[in-house]
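Chain and residue survey
Residues per chain are reported as follows:
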Amino acid sequence: MLGLMQDWPLVISKIIDYAASQHGSREVVTRSVEGPVTRSDYASVRRRALQVAQRLVREGISPGDRIATLAWNTARHLEAWYGITGAGAIYHTVNPRLFPEQIAWIIDHAQDRIVLVDLTFVPLLEALADKLPTVERYIVLTDAAHMPETKLRNAIAYEQWIGEVDGDFRWLDVDERAAAGLCYTSGTTGHPKGVLYSHRSNVLHSMALAAPDALGLASRSCILPVVPLFHANSWSIAFSAPMTGAKLVMPGARLDGASVFELLESEQVTCTAGVPTVWSMLLQYMEAEQRRLSSLQRLVVGGSAAPRSMIEKFEAYGIEVFHAWGMTEMSPVGSIGSIKPALGALRGDALIDVKCKQGFAPFTVEMKITDETGRPLPWDGKSFGRLKVKGPAVASAYYRSDDPILDEAGYFDTGDVATIDTNGYMSITDRSKDVIKSGGEWISSIELENLAVGHPDVAEAAVIGVAHPKWGERPLLVITPKPGRSPRSEDLLAFMSGKVARWWLPDDVQIVEALPHTATGKLDKVKLRERFRAHRLPSA
Ligand code: ADP
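Source: prediction; values computed, not measured.

Analysis parameters
Residues numbered from 1 in each chain as written. Predicted model: local features only at pLDDT ≥ 70, side-chain atom pairs only at ≥ 80, totals over all residues. Heavy atoms only, no water. Pairing = 2+ DSSP bridges. Helix = DSSP H or I, 4+ residues; strand = E, 2+ residues; numbered from the N terminus. Axes fitted to C-alpha atoms, helices over the stretch in contact; angles between N-to-C directions. Core = buried A, V, L, I, M, F, W, Y, C linked by side-chain atoms within 4.5 Å. Buried < 20%, exposed > 50% of the residue type's maximum accessible area, 1.4 Å probe, protein only. Contact = heavy atoms within 4.5 Å. Phe/Tyr/Trp six-rings, centres within 6.5 Å; stacked < 30°, edge-to-face > 60°. Lys NZ or Arg CZ within 6 Å of the ring centre and 35° of its normal. 1 Å grid on protein atoms, 1.4 Å probe; cavity = no way out; pocket = protein on both sides within 12 Å on 5 of 7 lines; lining within 4 Å. Points joined across faces, edges and corners; volume = space filled by probe spheres on them. Nonpolar A, V, L, I, M, F, W, Y, C, P; charged D, E, K, R; others polar. Salt bridge = Lys/Arg side-chain N within 4 Å of Asp/Glu carboxyl O.

Looking now at the sheet that holds strand β18 (residues 412-420). Within the open sheet, the 4 strands sit side by side as β16-β17-β18-β19. Their pairing is antiparallel. Here the strands that pair on one side only, and so sit at the sheet edges, are β16 (366-370) and β19 (426-431). Going across the sheet, the axis of each strand differs from the next one's by a mean of 45 degrees, ignoring polarity. With 5 bridges connecting them, β16 and strand β17 (residues 385-390) associate as antiparallel partners. Counterpart to glutamate 366 in the pairing with β17 is lysine 390.

In this structure, Leu56, Leu116, Ile223, Leu248 and Trp325 are the most contacted members of the largest nonpolar core, which totals 82 residues. Ranked by residues supplied to this core, first place goes to helix α2 (residues 42-58) with 7 residues. Leave out the neighbours within four places in its chain, and leucine 248 touches Glu27, Val28, Val29, Tyr42, Leu78, Ile223, Pro225, Ile237 and Ala241. The next biggest cluster of nonpolar side chains, apart from the first, holds 57 residues, and it includes Ala110, Val226, Leu282 and Val321.

Attention now goes to the packing of aromatic side chains. Counted under the stated rule, the structure contains 13 aromatic pairs. Between tryptophan 72 and phenylalanine 121 the ring centres are 5.2 Å apart and the planes differ by 35 degrees, which places this aromatic pair in the tilted class. With tryptophan 72 in the loop between β3 (66-70) and α3 (75-86) and phenylalanine 121 in the loop between β5 (114-117) and α5 (122-128), this residue pair connects regions lying 49 residues apart in the sequence. We note that tryptophan 72, like phenylalanine 121, is buried. One aromatic cluster in this structure is built from Trp81, Tyr82, Tyr91 and Phe239. Cation over ring: lysine 355 sits above phenylalanine 322, and NZ or CZ is 6.0 Å from the ring centre. The ring of phenylalanine 495 carries the charged tip of lysine 499 above its face, separated from the ring centre by 3.9 Å.

The topology assignment puts serine 383 in the loop between β16 and β17. If near-sequence neighbours (up to four positions away) are discounted, serine 383 is found in contact with Ile369, Leu377, Pro378, Ala418 and Thr419.

Okay, empty space enclosed by the protein next. Unfilled space is identified by rolling a water-sized probe across the atoms. Across all of its chains, the model carries 1 cavity of 30 Å³ or more by this definition. Computed from the structure, the largest cavity encloses a volume of approximately 40 Å³. Surrounding the largest cavity, Thr93, Val94, Asn95, Leu98, Ile106, Cys183, Tyr184 and Phe230 form its lining. Of the residues assigned to the lining of the largest cavity, the class counts are 6 nonpolar, 2 polar and no charged.

The next point concerns unusual backbone geometry. The omega torsion across serine 331 and proline 332 is 15 degrees, close enough to zero to call that bond cis. Looking at where proline 332 falls in the secondary structure, it is placed in the loop between β14 (320-326) and β15 (333-336). Despite not being glycine, tryptophan 235 has its phi angle at roughly 50 degrees, a positive value. For tryptophan 235, a relative accessible area of 10% corresponds to the buried category.

This part is about the pattern of salt bridges. Under the criterion given, the structure shown has 34 salt bridges. Measuring nitrogen to oxygen at the nearest pair gives 2.6 Å for the salt bridge that ties aspartate 457 to arginine 485. Here the residue aspartate 457 occupies a position in the loop between α13 (445-453) and β22 (458-468), and arginine 485 occupies one in the loop between β23 (472-481) and α14 (489-496), the gap between them amounting to 28 residues. Taking relative accessible area as the criterion, aspartate 457 reaches 17% and is therefore assigned buried. You can call arginine 485 partly exposed: its relative accessible area is 42%. Here aspartate 507 ties to arginine 474 by a salt bridge, and the two come within 2.9 Å at their closest N and O atoms. With aspartate 507 in the loop between α14 and β24 (508-511) and arginine 474 in strand β23, this residue pair connects regions lying 33 residues apart in the sequence.

What follows is the structure in structure tokens.
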């Protein structure tokens, strides 16, 4: 027997309709790419999104067409997402930090018909334009006064483009399962892979993320997403903020410590989210200038492991740190470290120990860890295995690919290795490709790296497995020193000793000028392993 409730589709237009009707005057503040801080609100975002949708339809865009955006976090970019999805089309966020050839490959693979681009990235696209045959038109996200001279095909300033219609438009009716967004993973090996979100997956994921144990958003909140709309679906914030009526502060192109601090303070932000690199720049600024934030309560950090020292410093400033984990394929958030009542009495180091873990899964995410043969492992905080996930906002396949990506039980293998403790807290020990297999046992490269960066002379650390005749592989620590410092290998190893099992300690240390990174700023261990492939360990 079916229930007798209304069939109200979970589509993205409902979010902005709600925000405009209940929280219409709630602000959306932007540090614009042109320079000044500008102010809009949800009613205006909706009005202008309707113009975008109407203008796209006039342009001949049909449901299912892909529209690329190559843009910073701004109100215009937000309007574009709602306008594109409201016309039944698909926003395709292009990450400008990818290598130019990858950007061209992605736009071509997605067959984007229109590209909306920030002023910053116009030269990048001009250099690639020959390789983008599917693109019929470029919309530069600015007004006529700031429109640059450009040879980009049919280029027009965004304000002029939407100014050609009046916004008298009704959102297109779409199925809640229809595709809404497309985001490619950076793909450290091989081509990037397209993750295709639906209206329904975005709505459900954003509702789960707005909840108190996650972003904790309410109409009185004010959130600043440092995490870009172009990386992993903005961790849901483009939807969960309007959905709750939270004030939204968009930082534009300036993500340095001073600029982020200034906006956090002047707009009285209560919650913010971003990757560890951004937070270390903010911390450096706060320490150097001896400044404190007066309104910030919650700082979400994820994308790569947050170092313990970072968590400790923010907590000492009275800012609660929520360590999160996820990936593009999961919309992207898969776990977040709020404190459950069973742990409510913890203080000091014991509390920080929990915050160093990546947290527990919110509603809509199911997790398991398994051994190599696929057998489930216990949640005892010690057994580590492949982390697999399931849920309505987890990818079931990649865009334009026939390769199956789910196991027989419908779980997606995240490529991460993790433990889960009795309280459900997951802790990433490694990426499965990076874990070091020594004598049949696994050593976590991440744990050793976190330990090494705790040394006062170390700027950055990477640990990789190097071939060993007896053990198969043994860990090699590679570090870059802080400016003006020259730590000795023995001292580094002595510093680490006693903090992990003895057989985990690296067999050797190499000091280098720079470590290789991927386009999204993560350590490029593929390159590093190539570089040290022939390295002979002293123990070998
Ligand atoms: P890209 O590789 O394009 O940056 P993702 O953002 O999807 O793609 O990266 C997801 C991966 O990042 C995860 O599978 C995991 O390995 C890593 N990751 C994300 N958050 C954390 C975290 N808090 N701690 C450790 N690793 C993390």
